[in-house]
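Residues per chain, in single letters:
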Amino acid sequence: QVQLVESGGGLVQAGGSLRLSCAASGRTFSSYVMGWFRQAPGKEREFVADIRRSGGSTYYADSVKGRFTISRDNAKNTVYLQMNSLKPEDTAVYYCAARGVYEDEYHYWGQGTQVTVSS
């Protein structure tokens, strides 16, 4: 069982930056693939980025590639999402999620943190 708590959301102007954090409970954090997802009003939840257990492999949605960076600190049980060059279309609730390395679906989710980018 993993419990996830996101923080770091807020209101920022277009072109600005935010850093989201996701703190995980449990001693097996390093065994999970960690991901960030987002859901904008009236839209389905979409994948943003994920990072493998060691942090050596990362994957990004095309819409954020080159602007967002996912990272993790297994000693702190925390995963981060550094978001630069933010655009109004990045406005959404951002969720942290965890899955086993051999699983296709994310089974553990945080409560979400709101990111609003003004134009």
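Residues numbered from 1 in each chain as written. Predicted model: local features only at pLDDT ≥ 70, side-chain atom pairs only at ≥ 80, totals over all residues. Heavy atoms only, no water.

A. Region of the structure containing the side chain of T91. Tracing the backbone through its elements, the reader meets T91 in the loop between β8 (78-83) and β9 (92-100). Of note is the side chain of T91, whose polar atom sits 2.9 Å from the backbone oxygen of P88. Polar contacts involving the side chain of T91 include one to the main-chain amide nitrogen of V117, which spans 2.9 Å. Contact partners of T91, with chain neighbours within four places excluded, come to A40, Q114, V115, T116 and V117. (Helix = DSSP H or I, 4+ residues; strand = E, 2+ residues; numbered from the N terminus. Polar contact = N/O pair within 3.5 Å; in protein donor to acceptor, adjacent residues only side chain to side chain. Contact = heavy atoms within 4.5 Å.)

B. Molecular detail of the sheet that holds strand β1 (residues 4-7). An order of β1-β3-β8-β7 is seen for the four strands of this open sheet, with the pairing classed as antiparallel. Two strands bound the open sheet, and with one partner strand each, they are β1 and β7 (68-73). When strand polarity is set aside, the average angle formed by the axes of neighbouring strands in this sheet is 15°. Direction of pairing for β7 relative to β8: antiparallel, over a ladder of six bridges. Note on β8: the bridge partner recorded for T69 is Q82. (Pairing = 2+ DSSP bridges. Axes fitted to C-alpha atoms, helices over the stretch in contact; angles between N-to-C directions.)

C. Spatial organisation of the side chain of N77. If you trace the backbone, N77 turns up in the loop between β7 and β8. Dropping the residues within four chain positions of it, N77 is found in contact with C22, A23, A24, S25, G26 and F29.

D. Expanded view of the pattern of salt bridges. For the structure shown, the criterion picks out five salt bridges. For R38, the salt bridge goes to E46, with nearest N and O atoms at 2.6 Å. According to the relative accessible area criterion, E46 is partly exposed, its value standing at 35%. For R52, the salt bridge goes to D50, with nearest N and O atoms at 3.1 Å. Within the structure, one salt-bridge network assembled from shared partners comprises R38, E46, R67 and D90. (Salt bridge = Lys/Arg side-chain N within 4 Å of Asp/Glu carboxyl O. Buried < 20%, exposed > 50% of the residue type's maximum accessible area, 1.4 Å probe, protein only.)

E. Representation of the packing of aromatic side chains. Within this structure, the stated rule accounts for five aromatic pairs. Ring centres 5.0 Å apart and planes at 75° place the aromatic pair F37 and Y106 in the edge-to-face group. On the criterion of sequence distance, the pair formed by F37 in strand β4 (residues 32-39) and Y106 in the loop between β9 and β10 (108-109) is long-range, its members being 69 residues apart. Judged by its relative accessible area of 10%, F37 is buried. These aromatic residues form a ring-pair network of at least three members: F37, F47, Y106 and W109. Just above the ring of W109 sits the side chain of R45; from NZ or CZ to the centre is 3.7 Å. (Phe/Tyr/Trp six-rings, centres within 6.5 Å; stacked < 30°, edge-to-face > 60°. Lys NZ or Arg CZ within 6 Å of the ring centre and 35° of its normal.)

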